[in-house]
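Listed below are the residues making up each chain.
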Amino acid sequence: MVQPKPVEKQPDSGIQKPLPVLLGAEPERSPDLQAEVERIRQSDIFEITQRDRNLFAWLSAQRDALVNGFIISSCYADLRKSCQFYQRLYVKKRGNLYPVPAPIITVEVHQYGTPTDLFKAISRELGNPFAEVGRLGNLRTRAQGTLKSHGVKLLVIGKADYLSYKAFNELVELTRALKIAVVPVGSPYLNEILTRKSRKYTDISNTFLEWHEFPAFLKADTAGIIRQWESQVLKEWSVPLKLYEDGNAVNFLYERSKGHGEVLYEILRKLAIIRLDNPSMTLSARKLAEVLQHRDAPANKW
């Protein structure tokens, strides 16, 4: 019986070979088509509606009077983008650095929301090279000094519902020490935190007495948001989608997004890519219902 020859092991070239694509897992696309899919996937726009104008006016009032407050929204992804846009109206960031003065700064904290996390986030956002160095006392002094040197008048704290009791107390002391307006921003749970009827939270609650609700966008805004997205993201298309011209499609997309802008953009990206792979497909309201039958609408709970 003839024995098979042993297979000689080839030297590792160090180049990672792509995994084989399962049959039917992805449509076959030309390089140009795949590049267009990537471009749509990376698209990121912001359309101002009345809810954003109302938010900007409220933030400006807090900044002018140096009054603390908090903002809640079930559309946190939209609120985050709106706060960042408001900051860019007044402060033009250069790379990782802010100019001086920088009157408005938006910082986002992460779990676990300890005082250490809070102060690191502030110093890191303002480009302090020693943001991660030292114990709590060093971090506190550094964050306060960095805010003061940048002339910050309004500090917006994103994902503030992550903050611990001790971190909220640090915000209270920070606003008193620097005499700036501090605005925690988060989900509806933030309202429960800052309105607790407990002696423990009395000083915190009394520091953040004013509030603003950032709602979902209105049904009447839907067609305009879709049109703006198509005009920016699909402006090179010879055959545009024009979903905004179909009243039934607009109503359906509003019902599936429930006034959440980032949710609507997710849906539009998916529909655009499906159309790329199926150029003859007509995206009627009926077809949209078929394509999105396994997608739930977001919840607007307070």
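What you see is a predicted model; the values in this text were computed from it and never measured. (Residues numbered from 1 in each chain as written. Predicted model: local features only at pLDDT ≥ 70, side-chain atom pairs only at ≥ 80, totals over all residues. Heavy atoms only, no water.)

Draft legend 1. Main features of the overall build of the protein chain. Across its full length, the protein chain carries 12 helices and five strands. What you see for the protein chain is a C-alpha radius of gyration of 25 Å, clearly larger than the 19 Å of a compact globule of 302 residues, by over 25%. On the principal axes, the C-alpha backbone points of the protein chain span a range of 80 × 65 × 40 Å. For the protein chain, with 302 residues in total, the buried portion stands at 42%. Long-range pairs, those at least 24 residues apart, make up 75% of the contacts in the protein chain with a sequence separation of at least 6. Element-wise, carbon and sulfur atoms account for 52% of the exposed surface of the protein chain, whose accessible area totals about 17,600 Å². Within the protein chain, one finds 43 positive and 34 negative side-chain charges whose respective centroids are separated by 5 Å. (Helix = DSSP H or I, 4+ residues; strand = E, 2+ residues; numbered from the N terminus. Rg over C-alpha atoms; globule rule 2.2 N^0.38 Å. Buried < 20%, exposed > 50% of the residue type's maximum accessible area, 1.4 Å probe, protein only. Contact = heavy atoms within 4.5 Å. Areas by Shrake-Rupley, 256 points an atom, 1.4 Å probe, with all protein chains shown as cover. Lys, Arg positive; Asp, Glu negative; His and termini not counted. Charge placed at Lys NZ, Arg CZ, Asp CG, Glu CD.)

Draft legend 2. Geometry of the confidence of the model for the protein chain. Across the protein chain, the average pLDDT comes to 91, with 91% of residues at 70 or higher. Within the model, pLDDT remains below 50 along residues 1–10, and this stretch shows zero contacts once partners closer than five positions in the same chain are excluded. (pLDDT = per-residue confidence, 0-100.)

Draft legend 3. Expanded view of the sheet that holds strand β4 (residues 181–186). With respect to topology, five strands assemble into an open sheet ordered β2-β3-β4-β1-β5, the strand pairing being parallel. Strands at the two margins of the open sheet, each flanked by one partner only, are β2 (104–108) and β5 (211–213). Between one strand axis and the next, the sheet turns by 20° as a mean value, whatever way the strands run. (Pairing = 2+ DSSP bridges. Axes fitted to C-alpha atoms, helices over the stretch in contact; angles between N-to-C directions.)

Draft legend 4. Unusual backbone geometry, seen in detail. The omega angle of the peptide bond from Val 100 to Pro 101 is 5°, so this bond is cis rather than trans. Positionally, Pro 101 belongs in the loop between α3 (76–90) and β2. Its identity is not glycine, yet Lys 159 carries a phi of approximately 55°, on the positive side. Examined against the element boundaries, Lys 159 turns out to sit in the loop between β3 (154–158) and α6 (165–178). Notably, Lys 258 is not glycine yet its phi reads approximately 55°, a positive angle. Inspection of the secondary structure assignment puts Lys 258 in the loop between α10 (247–257) and α11 (261–277).

Draft legend 5. Geometry of α6. The terminal C-alpha atoms of α6, which comprises 14 residues, lie 20 Å apart, in line with the 20 Å expected from a rise of 1.5 Å per residue. Inspection of α6 places Ala 167, Phe 168, Glu 170, Leu 171, Val 172, Leu 174 and Thr 175 among the buried residues, and these make up the whole buried set. Of the surrounding secondary structure, the elements contacted by the buried residues of α6 are α4 (115–125), α5 (136–149), β3, β4, α7 (189–194) and α8 (202–207). Where α6 ends, the next residue or the one after it, Lys 179, has phi of about 55°, a positive value. (Expected span 1.5 Å × (residues − 1).)

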